[in-house]
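Architecture and fold: a report
Take a look at the letters that make up each chain.
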Amino acid sequence: MAQAVVFWVCAIGAVAAGLAVFRVDSMARATFALLASFVLAAVPLLLLGLSYLGILVILMMIMEMVVMAVFMIMYMMNPAGLMPMSMVHNKKGSLAISTGTFVVLAVGVLLVDWPQRQGVPPPDVTFALGEALMGSHMLVMLVIGLGLFATIVSAVVLSHPRGRYDRFGDDLRRRPPDDPIPGSVDARSLTRIFGVGR
Amino acid sequence: MNAVSQGPTWTVLLVPVLLGVLALCGAAFARVLDARADGRGISGGVLAAPLAESGRLLLQQRRAVVASDRLLARTGVVLVPVAAVLAALVVPLGDRTASDLSIGIVWFNAMEVVTWAALWMAGWGSNSVWGLLGGYRFVVQGLSYELPHMFALITVATGAGSLRVSDAVAAQESLWFVVWMPVAFVAFLLSALALSFSGPFDTATGRDIVGGVLAEYSGVDRLLLVAGRWLMLSAAAAMSVPLFLGGSGGPLLPGWLWTLVKAVAVLGLLVWVRSRTATLRMDRFAEFGWLVLIPLTLLQALVVAVVVVGMTGGM
Amino acid sequence: MTLQTFLLLACALLAIGLYGALSQQSIVMIMMGLELMVNAVIVAGAAFWYYVSPARPDGQVVVLVAVTLMAVEMAMGFAVQTAIFRSSEVDMTDMATELKD
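Throughout this description, residue numbers start from 1 for each chain and increase along the sequence as written. Here every chain gets a letter starting at A, and every ligand a number starting at 1, in the order they are written. This being a predicted model, a pLDDT of at least 70 is required before a residue's local features are given, and a value of 80 or more before pairs of side-chain atoms are given or counted; all residues contribute to the totals for chains, interfaces and linings.

1. Looking at the overall build of chain A
Note the threshold: Numbering of helices and strands starts at the N terminus; helices are DSSP runs of H or I of at least 4 residues and strands are runs of E of at least 2. For the exposure call, what matters is how many other C-beta atoms sit within 10 Å of a residue's own: 20 or more marks it buried, 12 or fewer exposed, and in between partly exposed, using C-beta atoms placed from the backbone. C-beta atoms are first placed from the backbone for all residues, and any pair lying within 7 Å is then listed as a contact.
Summing up its helical and strand segments, chain A has 8 helices and 0 strands in all. Each helix and strand of chain A, placed in order from N terminus to C terminus, yields the pattern α-α-α-α-α-α-α-α. Residue burial in chain A is summarised as follows: out of 198 residues, 28% are buried. If you take every contact in chain A between residues at least 6 apart in sequence, the share linking residues at least 24 apart comes to 45%.

Pasting the structure below:
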């Protein structure tokens, strides 16, 4: 009973916060409304016994949304929403398409004869997940790892305007490197120790 | 040493009280160090200064800048101390813990990350350039300390073979983790200072930006932020006990007293470092974190993983 | 709480995300819509795991993949946005029209 109450409060809260994302004028508020939606949608995961994945979603979403807030403020014309302006196109069409999608999916959810539940959750679901990722689902883990690595590389390549020739000079010999924001670590000693920057 | 078990429900109420006392002790010790550095005598007034300051802030009127984002500001300000208390829920005292979650270590990490959002919201919401600068500075700092912090926690979880804090305590019965995970311990202590934006990592509230996140806050709001910072530091110090220092293990004294003694010792060390070091610019810390701390903590995790695999005989 | 209620929650989140992704002009806001849609996948995956085959870990793996997808989507989205902004000072999809005839 208590679980059902928590579920419904969180479900309605998640949907309301999700709607608020596209309704509020302030970009900071929109970002944190999205965060609220994610956190509230993660609570049902905890109710299902997925404690690790639920907390992981919360942990990741907080970090992601704070970074997102920084980008929002950086790129939006009107970040604080002090002068409300419309930043939408084809509102009616989008509304119709999304409402239609919801109706079709909801009808499907209610009409489909879902399979019966088979088996019970293992005593330690987190352990089962880890074992699956390191055993039967190793391929998934490999793809995730490679995908994240490729993402890191390509995101830096896309977004970083300066390459190593800008930093180390045409013959790559300039030490310390010419950086707009100098760091603390002496590049020369790092080069000696780790071979970084060669 | 007895195994850690789930305490009765009312122990949850004990957590904020104990954490508050620990935070007050830490703040008082910081005042003592400041008084000594200034060449003043140590009197009762110095010791009671944090309490007196809290009382003064409680009575002080709150003010707010025109067009400040009240909703985000209030949420952020309240979240800082709340996150600290929630993070401390999984810390066992002696052989009892308020909530022995199966993923306690991840829980601590998630609650501590709440500070990111909270400080940024508080900085943004105050509608002041200093507050916003402070919020941004904390995010930069967060990106630098968070990964070493996570790798330190992962190292402990690897050594314990579990994400449950009580299992981590049980795994240290013969040998404390600090002995064979010294790098992770140091990284954890550094991140404890950084995540409570104090000591060398206090750029978010730096004097050069007239108090940063704290600039526009007064009265209860300011009290919550400052108290939240001390609660967070205390929570991290208390958490280092079950993670690295063998929990309640120790001769003669009862377990709960050992936990307290160790927590106070770690907190004292952190406060001492906080008082004796100059502020570290966040861009310098960013490079140090990514080029030195992350490789070192990764190596530490690798060493621990190899030892664990070796001791358990392969699979 | 049944499988249907969880799936309805997922449908609602997906529809809201779809509306955002279709109607918003700003790239960052579009990404918010996409994130909401991935979040629907997380809820649905967890619900299928618990209510259909809890003994097998596949549902949990789906959730983990969705979480990773979110991180990848966000990193690439911001990188592309930064690249576009740097080259042509725009932050809206309607103005990023290099490929248009």
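2. Some remarks on the overall build of chain B
For clarity, the threshold we go by: Our radius of gyration looks at C-alpha atoms and nothing else; its globule reference is 2.2 Å times the residue count to the power 0.38.
A count of helical and extended segments in chain B gives 12 helices and 3 strands. Taken over C-alpha atoms, the radius of gyration comes to 20 Å for chain B, in line with the 20 Å a tight globule of 315 residues would show. Taken along the three principal axes of its C-alpha coordinates, chain B extends 65 × 40 × 40 Å. The burial tally for chain B puts 54% of its 315 residues in the buried class.

3. Quick word on the interface of chain A and chain B
The condition that has to hold: Classification used: nonpolar for Ala, Val, Leu, Ile, Met, Phe, Trp, Tyr, Cys and Pro, charged for Asp, Glu, Lys and Arg, polar for all others including Gly.
On the chain B side, the residues contacting the 24 residues of chain A number 27 residues. When contributions to the side of chain A that touches chain B are tallied by element, the ones reaching two or more residues are helix 2 (27-47) and helix 3 (51-75) of chain A. Here the side of chain A that touches chain B takes 12 residues from helix 3 of chain A, the largest share from any one element. For the side of chain A that touches chain B, a count of residues per class yields 18 nonpolar, 5 polar and 1 charged.

4. Quick notes on the nonpolar core
When a protein is soluble and globular, its nonpolar side chains tend to lie buried together. Stated formally: The term nonpolar core refers to a set of buried Ala, Val, Leu, Ile, Met, Phe, Trp, Tyr and Cys residues connected through C-beta atoms within 7 Å.
Grouped together as the largest cluster of nonpolar side chains are 190 residues, with contacts concentrated most on I62 of chain A, V156 of chain B together with L13, V43 and A46 of chain C. At 18 residues, helix 2 (residues 27-51) of chain C tops the list of elements feeding residues into this core. Not counting the four nearest positions on each side in its chain, I62 of chain A is found in contact with L35 of chain A together with V113, V114, W116 and A117 of chain B.

5. Some points on the interface of chain C and chain A
The interface of chain C with chain A comprises 59 residues on the first partner and 69 residues on the second. Elements with a minimum of two residues in the side of chain C that touches chain A: helix 1 (3-23), helix 2 and helix 3 (58-88) of chain C. Examining the composition of the side of chain C that touches chain A, we find that 20 residues originate from one element, helix 3 of chain C, more than from any other. Of the residues belonging to the side of chain C that touches chain A, the class tally is 43 nonpolar, 12 polar and 4 charged.

6. What about unusual backbone geometry?
All names here are of chain B. One non-glycine residue, N127, lies in the positive phi region at around 50°. Mapping N127 onto the fold places it in the loop between helix 5 (104-125) and helix 6 (129-160). For F197, which is not glycine, the phi dihedral falls at a positive 30°. Within the secondary structure, F197 sits in the loop between helix 9 (182-195) and helix 10 (219-244). The class of F197 is buried, set by 28 C-beta atoms lying within 10 Å.

7. So, the arrangement of the chains
The assembly contains 2 pairs of chains in contact; the pair sharing the most contacts is chains A and C. Nowhere do chain B and chain C come into contact; their C-alpha atoms are at least 14 Å apart.

8. Brief notes about the confidence of the model for chain B
This is how the line gets drawn: The predictor rates its confidence in each residue with pLDDT, a number between 0 and 100.
Averaged over every residue, the pLDDT of chain B is 86; the share at 70 or more is 98%. Per the prediction output, this complex has pTM 0.88; the corresponding ipTM is 0.86.

9. Regarding helix 10 of chain B
Residue and element names in this part refer to chain B. Heads up, the rule is: Take the number of residues in a helix, subtract one, and multiply by 1.5 Å to get its expected span.
Its 26 residues give helix 10 an end-to-end C-alpha distance of 38 Å, which sits within 8% of 38 Å, the value for a rise of 1.5 Å per residue. When you tally the buried positions in helix 10, you get 23 out of 26 residues, the bulk of the element. With its phi angle positive at about 75°, G246 sits one or two positions after the end of helix 10.

10. Side note on the packing of helix 6 of chain B against helix 9 of chain B
Residue and element names in this part refer to chain B. The condition is simple: Each axis is a line fitted through C-alpha atoms, and for a helix only the stretch in contact is used; angles between axes span 0 to 180 degrees, taken between their N-to-C directions. In what follows, roughly perpendicular refers to angles from 65 to 115 degrees, roughly parallel to angles under 35, roughly antiparallel to angles over 145, and oblique to any angle outside these ranges. Left-handed describes a crossing whose near helix is turned anticlockwise from the far helix through less than a right angle; right-handed describes the clockwise counterpart.
Remark: helix 6 packs on helix 9, axes separated minimally by 9 Å, with the N-to-C direction vectors making an angle of 140°. With respect to each other, helix 6 and helix 9 are oriented oblique. Both helix 6 and helix 9 take part in a crossing whose hand is left-handed. Contact residues: helix 6 offers Q141, Y145, P148, H149, A152, T155 and V156, while helix 9 offers A184, A187, F188, L190, S191, A194 and L195.

11. Observations regarding the environment of A301 of chain B
Residues and elements named next belong to chain B. Position of A301 among the secondary structure elements: in helix 12 (residues 282-311). Counting along the chain gives 147 residues from A301 to I154, while the straight-line C-alpha distance between them is 7.3 Å. Sequence-distant contacts of A301, that is, excluding residues within four places in its chain, are made with F151, I154, T155 and T158.

12. Concerning the confidence of the model for chain A
Per-residue confidence for chain A gives a mean pLDDT of 83, with 87% of residues at or over 70. Of all the helices and strands in chain A, helix 8 (residues 187-194) of chain A carries the lowest mean pLDDT, 54, while helix 6 (residues 138-159) of chain A carries the highest, 91.

13. Topic: the environment of N39 of chain C
On the secondary structure map, N39 of chain C appears in helix 2. Classification of N39 of chain C as buried rests on a count of 27 C-beta atoms within 10 Å. Taking C-alpha positions, N39 of chain C is 7.3 Å from L13 of chain C, a pair spaced 26 residues apart along the chain. With sequence-adjacent residues up to four places away left out, N39 of chain C is seen in contact with F38 and A41 of chain A together with L13 of chain C.

14. Topic: the sheet that holds strand 3 (residues 96-97) of chain B
Residues and elements named next belong to chain B. Selection criterion: The pairing criterion is simple: DSSP has to find at least two bridges between the two strands.
Here 3 strands make up an open sheet; going across it, the order is 1-3-2 and the pairing mixed. Of all strands in the sheet, those bounded by a partner on one side alone are strand 1 (5-6) and strand 2 (92-93). Bridge count for strand 2 against strand 3 is 2 bridges, and the pairing is antiparallel. Across the sheet, the residue bridging to P92 is T97, located in strand 3.

15. Examining the environment of G247 of chain B
Residues and elements named next belong to chain B. If you trace the backbone, G247 turns up in the loop between helix 10 and helix 11 (255-276). Distance in space between the C-alpha atoms of G247 and D95 is 8.7 Å, their sequence separation being 152 residues. Setting aside residues no more than four positions away along its own chain, G247 makes contact with V4, P92, V169, Q172, V241, P242 and T259.

16. Side note on the packing of helix 1 (residues 11-37) of chain B against helix 11 of chain B
All names here are of chain B. It is at 9 Å that the axes of helix 1 and helix 11 come closest, and there the two elements cross at 40°. When the axis of helix 1 is compared with that of helix 11, the two are oblique. Crossing angle aside, the handedness with which helix 1 passes helix 11 is right-handed. Listed contacts from helix 11 to L22, C25, G26, F29, A30, L33 and D34 of helix 1 are A263, V264, L267, G268, V271, W272, R274 and S275. Looking at side-chain class alone, the contact of helix 1 with helix 11 contains 10 nonpolar, 3 polar and 2 charged residues.

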